[in-house]
Amino acid sequence: MAMSGGSDDGEPMMEMNTTPLIDVLLVLIIMFIITLPIQTHAVKVDLPQNDPRNQTIVNADKNKIAIDPAGVVAFNGQPVDDATLKQLLVQTTTLDPEPELHFQPDPTARYEVVDRILAVVKESKVTKLGFIGNEQYRNDF
């Protein structure tokens, strides 16, 4: 008594079992993917280099913002614009411990310039800020 999986008419099965074939194909595909070398594409780009003489260096201890009577803002003695000043101040806040920031506006500097720079300092979230030069007004009040 033989077992058959279908009708009992004695005909051979006409369907091919493809499960082992699919298993073998999957193993071959995986082996093919593993053995292929990884292709790396590199594009050479000539980027401009910063001149280290023109870079403003952030001190780890103290930094100073000065405003002259003409309204020119200087960070550690080098003139900067508002965007550069904000980048430098954000850079100082990442240092551990955060360096002191000394703020020294000229007495004849316009108030709106001083106010704008103080807004930049506030936006950059500096926590150690000191005003320099206020000692001269100590006896005026």
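What comes next is a walk through the structure. Note that this is a predicted model, so its numbers are computed, not measured. (Residues numbered from 1 in each chain as written. Predicted model: local features only at pLDDT ≥ 70, side-chain atom pairs only at ≥ 80, totals over all residues. Heavy atoms only, no water.)

Right, let's get into a nonpolar patch on the surface. Together, Ile-22, Leu-26, Ile-29, Phe-32, Ile-33 and Leu-36 give the surface a local cluster of nonpolar side chains, amounting to about 600 Å² of exposed area. In this structure, Leu-26 sits in helix α1 (residues 19-35). (Patch = residues over 30% accessible without salt bridge, like charges linked within 9 Å, V, L, I, M, F, W, Y side chains within 5 Å. Areas by Shrake-Rupley, 256 points an atom, 1.4 Å probe, with all protein chains shown as cover. Salt bridge = Lys/Arg side-chain N within 4 Å of Asp/Glu carboxyl O. Helix = DSSP H or I, 4+ residues; strand = E, 2+ residues; numbered from the N terminus.)

Sheet architecture is open: five strands sit in the order β3-β2-β1-β4-β5, paired in mixed fashion. Looking at which strands have only one partner, the edges of the open sheet turn out to be β3 (78-79) and β5 (129-131). (Pairing = 2+ DSSP bridges.)

With that out of the way, let us pick up helix α2 (residues 82-93). Compared with the 16 Å implied by 1.5 Å per residue over twelve residues, the 17 Å span of α2 between its first and last C-alpha is a close match. Taken as a whole, α2 has its buried residues at Leu-85, Leu-88, Leu-89 and Thr-92. Each buried residue of α2 lies within a common arc of 100° when the element is viewed along its axis, so the set occupies one face. Each element contacted by the buried residues of α2 is listed here: β1 (62-67), β2 (73-75), β4 (100-105) and α3 (111-123). (Expected span 1.5 Å × (residues − 1). Buried < 20%, exposed > 50% of the residue type's maximum accessible area, 1.4 Å probe, protein only. Arc of directions from axis to C-beta. Contact = heavy atoms within 4.5 Å.)

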